[in-house]
Amino acid sequence: MKYGYFDDKAREYVITRPDTPLPWINYIGCQGYFGILSATGGGYSYYRDARLRRLTRGRYNNVPADFGGRYVYVRDNESGDYWSPSWMPTQSDLDDYSCRHGMGYSVISGKRGGIRAATRYFVPLDETLEIWQTTITNERLTPVDISLFSSVEFCLWEANDDATNYQRNLSTGQVEVEDEVIYHKTEYRERRNHFAWFACSEPLAGFDTQRESFLGPWRGWNKPVAVEDGKSRNSIAHGWSPIGSHHVRLTLAPGESRQIVYVLGYHENPNEQKFDPPGSQTINKATVKPVIAKYRDIDNVEAAFAALGKHWDELLGVYQVASPDEHANRMVNIWNAYQCMATFNMSRSASSFETGIGRGLGFRDSNQDLLGFVHMVPSRARERILDLAATQLSSGGAYHQYQPLTKKGNNDIGGDFNDDPHWLIIGVAAYLKETGDFSILDEPVVFDNQPGSEAPLYEHLRRSLQYALDRLGPHGLPLIGRADWNDCLNLNCFSDTPGQSFQTTTSKDGKVAESVFIGALMVLSARELSALASQVGKADDAAFYADVARKMDETVRTAGWDGEWFVRAYDDFGRKIGSKENEEGKIYIESQGFAALAGIGVDDGKARSALDAVRKHLATPHGIVLQQPAYSRYYIEYGEISTYPPGYKENAGIFCHNNPWVIIGEVVLGNGDAAFDYYSRICPSAREAISDVHRLEPYVYAQMIAGRDAPTHGEAKNSWLTGTAAWNYYAITQWILGIRPEYTGLRIAPVVPERWPGFTARRVFRGVAYDITVTRAGAGNTVALVIDGKAIDGDLVPPPAKGVAAVKVEAVIG
Ligand code: BGC
Ligand code: NOJ
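Computed from a prediction, not measured in an experiment: that's the story for all the values here. Sequence positions are assigned chain by chain, starting from 1 and proceeding in written order. As they are written, the chains are lettered A onward and the ligands numbered 1 onward, keeping that order. Two thresholds apply to this predicted model, a pLDDT of at least 70 for residue-level local features and 80 or more for giving and counting side-chain atom pairs, whereas whole-chain, interface and lining totals are computed over all residues. To obtain the side-chain values, all non-hydrogen atoms of the structure were used and water was disregarded.

### Quick look at the site of ligand 1
What counts here: We call a residue near a molecule or strand when any one of its heavy atoms sits within 4 Å of it. What qualifies as a polar contact is a pair of N or O atoms within 3.5 Å, subject to a donor-acceptor requirement within protein and to the restriction that residues adjacent in sequence count only when both atoms come from side chains. A 1.4 Å probe and the Shrake-Rupley method give the accessible areas. Residues count as covered only by the protein chains that appear here. Residue type decides the class: Asp, Glu, Lys and Arg count as charged, Ala, Val, Leu, Ile, Met, Phe, Trp, Tyr, Cys and Pro as nonpolar, and the leftover types, Gly among them, as polar.
Around ligand 1, the neighbouring residues are Arg359, Asp487, Cys488, Gln503, Glu640, Tyr644, Lys649, Glu650, Phe655 and Gln703. At a separation of 3.3 Å, an oxygen atom of ligand 1 approaches a polar side-chain atom of Gln503. Contact between ligand 1 and Glu640: an oxygen atom at 2.5 Å from a side-chain N or O atom of the residue. Burial of ligand 1 by the protein chains amounts to 79% of its free accessible area of 310 Å². Of the residues belonging to the shell around ligand 1, the class tally is three nonpolar, two polar and five charged.

Below is the structure:
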């Protein structure tokens, strides 16, 4: 069953009924100002940091889940009927409803009683504001007299404090209303230099800024008294809950359409120019007024929307494919790339499943996310890498998370997740292969944000690996620390106290528990560091790291081998995890997938055997589960993984982030059919037809799909902000389709299903547009290349002569 359809031409998903199983959201904003926007007008906005600079409120554990947002109410002033074109919050029956989620914008349209209202929401490039552009049309045969009421509920900036510190916050709210613009200025009187503003393009019949005046006592957003009466209260908030609502009254002739623009913005003033006149308590509006004036003009709004479309043309134009599979095409060309940009912007901070008040940017997560967006925004990838590296500790270890506003590591979570440092190497290698910008390695970067501690980025990479070499365990495998990629495998935690954090509690000295997964990751990171070192002429380093990779490869294949598959880890007692010796959790996906991806055991058959075991024990029609058998009880020595009921999250859920490791592993082993089969099982678009089972957005990946041990097998959770986006994008674009940036050129090494006759693609790489045609001539994966009409040896397209901007690549595979 479906709740809408893909409009690929428009790059939109069109939701045709508002009662989707769960809120289906989109994001607006891509630089500093961001918003979550659901298909029914819900969600909130923030500037840069979802916790520290929240403009509007999101309510936690709300029912319905998606209640509160950017609502416009329409009132028929003759009948008194009022309703929401976005269905929420009034939930009035609509004669027609649609929500078009597009690239950085959504258009929500509703019709009732012959009146149609469609609102396009977006954030213009280079601005710290959002626009709601409402088109209201009278489709009746008679004139109508209508009222429109806008509404937002302001957050008092620090979202965590806003949700909890009522005794203070109910007294601090302050607003100003000037020239019909509503200004929210709570705490501006003291230490803040920023305020929010909410403007409308039309003359107002009234406004409200105090929630209780607008809604009325004992009422919610579904029944505001001001809307019911058709009359704003012109309230000024003093304390309690500041809101913004404009009332516009219009008469429309039959067939007449009008546009109204609402603008919600964030603005900062220099500290010494906060007030006007100086010494007063009135906001100085000199610098914000031109911005307000600009976007009250519809022509400027249209121009800003067109610029946003162009921006996305450019981002998505870097990689476009036409393959025989419409789902793969749609994901690569539109939605998966789009999701990668969302994860770049949000990391794991704000979604329907991430509250925006918890995690900042994850060190591990953000480095992996680079794999999915570096080709679209290389300069911003560069900045992200340098920010991440600046939080690294001088030991080579890393803060697990940092706050985007301050860019400082979070002390409350700290470090010692022993996989973290490796991801920096992998992220930097991806950046270098994409851009060829080796200057980044010489950038002086501080450790732990301490001025004076600068060292070249290259030195940070060396320390990353040294950190691992300094922490090898009894089998010569890397010690796991607090956890590795699997945050829930807490082998040094031994927690018996409710509420204790599995992530930060450490009860053991950490000298025994080892991770085979980090071993495999280290093979890859050491190999990447070696390759990178030889690119910059550091032959000794290159040889040293190649040797590290070789030794760890050997260790993983010996101490890490269980007979048919790779062991997952050793616990604090030195016992295997993910072994036939275990009663539960006998086989895990991570060590199988990552070993194969890293090329471990390709020559001696271990990789094949491991992936065969994955197929036999872990693969389901909805994707590959994390381990089997699921843990049926709590194992104090394993930690959070065994706290989840069987089939959910890390306890045998389908963790879509690590499925692509197996997909890439199958590619490495030359098995295109298996790789693409696994790809399709979790591909959101391919799952659209079972939206009633999957339940979340069919246009983006979710972190997890419930595993076969769960009663809800096939149901997705945690959509949008997940490493799944980058890894699946990387798997399909660089491994299955096989168009892969390397230091010395663009590799064309597709490993696609045997039934595919071929495909075409366009890839912009280091400023050159490659038009690629792949044709199948036989069942295998060997590649013969013709570049601009000339056959070459191998599968690597070297850079063209200077000045050449377009290259034609013909590849015959077989
Ligand atoms: C989740 C993990 C996540 C971690 C982040 C755990 O509760 O199960 O998926 O990585 O929290 O802190
Ligand atoms: C989600 C976290 O964001 C990520 O860092 C982690 O690797 C996975 N969960 C697995 O635990």
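### Let's talk about the side chain of Thr56
What counts, and what does not: Helix numbers and strand numbers start at the N terminus; a helix is a DSSP run of H or I with at least 4 residues, a strand a run of E with at least 2. Whether two residues are in contact is decided by their heavy atoms: any pair within 4.5 Å suffices.
Turning to its location among the elements, Thr56 is positioned in strand 6 (residues 54-56). Polar side-chain contacts of Thr56 include one of 2.9 Å to the backbone nitrogen of Ser45. For Thr56, the contacting residues outside a window of four places in its chain are Gly43, Tyr44, Ser45, Val152, Glu153, Phe154, Cys155 and Leu264.

### Points about helix 10 (residues 420-435)
Rules: Each helix should span, by expectation, one fewer than its residue count multiplied by 1.5 Å. Three exposure classes are used, based on accessible area relative to the maximum for each residue type with a 1.4 Å probe and protein chains only: buried under 20%, partly exposed in between, and exposed over 50%.
If you check helix 10, its first and last C-alpha atoms are 23 Å apart, about what 16 residues at 1.5 Å a residue would give, namely 22 Å. Here helix 10 lies mainly inside the structure; 15 of its 16 residues are buried. Phi turns positive, to about 70°, at Gly436, one or two residues after helix 10.

### Section: the site of ligand 2
Around ligand 2, the neighbouring residues are Arg359, Arg364, Asp365, Trp485, Asn486, Asp487, Glu650, Phe655 and Gln703. Contacts to ligand 2 include Arg364, whose side-chain N or O atom sits 2.9 Å from an oxygen atom. Interatomic distance of 2.5 Å between a side-chain N/O atom of Glu650 and an oxygen atom of ligand 2. Its free accessible area being 290 Å², ligand 2 has 95% of it covered by the protein chains. Of the residues belonging to the shell around ligand 2, the class tally is two nonpolar, two polar and five charged.

### Observations concerning the side chain of Ser347
Among the secondary structure elements, Ser347 is positioned in the loop between helix 7 (326-346) and strand 21 (361-362). Ser347 sits in the buried class, given a relative accessible area of 0%. Once residues lying within four places of it in the same chain are set aside, the contact partners of Ser347 are Ala342, Gly360, Leu361, Gly362, Ser366, Asp369 and Leu721.

### Describing the pattern of salt bridges
Using the following cut-off: For salt bridges, the criterion is a side-chain nitrogen of Lys or Arg within 4 Å of an Asp or Glu carboxyl oxygen.
A full pass over the atoms with the stated rule returns 68 salt bridges. Across the pair Lys285 and Glu178 runs a salt bridge whose closest N-O atoms are separated by 2.7 Å. One end of the pair, Lys285, is in the loop between strand 19 (257-268) and helix 5 (289-295); the other, Glu178, is in strand 14 (residues 175-178), and 107 residues separate them in sequence. What makes Lys285 buried here is its relative accessible area of 3%. Several salt bridges converge on common partners, so that one network encompasses Glu176, Glu178, Asp179, Lys185, Lys285 and Lys289.

### So, the environment of Leu393
Mapped onto the elements, Leu393 comes out in the loop between helix 9 (378-390) and strand 22 (401-402). Separated by 28 residues in the primary sequence, Leu393 and Pro421 place their C-alpha atoms 9.7 Å from one another. Dropping the residues within four chain positions of it, Leu393 is found in contact with Ala398, Tyr399, Phe447 and Asp448.

### With respect to the packing of aromatic side chains
Using the following cut-off: Each Phe, Tyr or Trp ring (for Trp, its six-membered ring) is paired with any other whose centre lies within 6.5 Å, and the angle between the two planes then decides the class: stacked below 30 degrees, edge-to-face above 60, tilted in between.
Tallied over the full model, the rule gives 50 aromatic pairs. Taken together, a centroid distance of 6.0 Å and an interplanar angle of 75° make the contact between Tyr338 and Trp720 edge-to-face. On the criterion of sequence distance, the pair formed by Tyr338 in helix 7 and Trp720 in the loop between strand 34 (716-719) and helix 19 (724-736) is long-range, its members being 382 residues apart. Across the pair, exposure class does not vary: Tyr338 and Trp720 are buried alike. Note on Tyr699 and Trp720: the rings are 6.2 Å apart at their centroids and 70° apart in plane angle, and the pair reads as edge-to-face. Placement of the pair is Tyr699 in the loop between helix 18 (691-694) and strand 33 (702-705) and Trp720 in the loop between strand 34 and helix 19, with a sequence separation of 21 residues. Note on Tyr699: relative accessible area 0%, which makes it buried.

### What about the sheet that holds strand 41 (residues 796-797)?
We count it as follows: Note on pairing: DSSP must find at least two bridges between two strands before they are called paired.
Strand order in the open sheet formed by three strands is 35-36-41, and the pairing between neighbours is antiparallel. The sheet terminates laterally at strand 35 (739-742) and strand 41, the two strands that pair on one side only. Direction of pairing for strand 35 relative to strand 36 (residues 745-748): antiparallel, over a ladder of four bridges. Residue pairing across strands places Ile739 opposite Ile748, the latter belonging to strand 36.

### Let's talk about the environment of Arg695
Mapped onto the fold, Arg695 is located in the loop between helix 18 and strand 33. Taking the C-alpha atoms as reference points, Arg695 and Ile15, separated by 680 residues in sequence, lie 13 Å from one another. Once residues lying within four places of it in the same chain are set aside, the contact partners of Arg695 are Pro21, Leu22, Trp24 and Glu715. There is a polar contact of 2.7 Å between the side chain of Arg695 and the side chain of Glu715.

None of this, on its own, says anything about what the molecule does.
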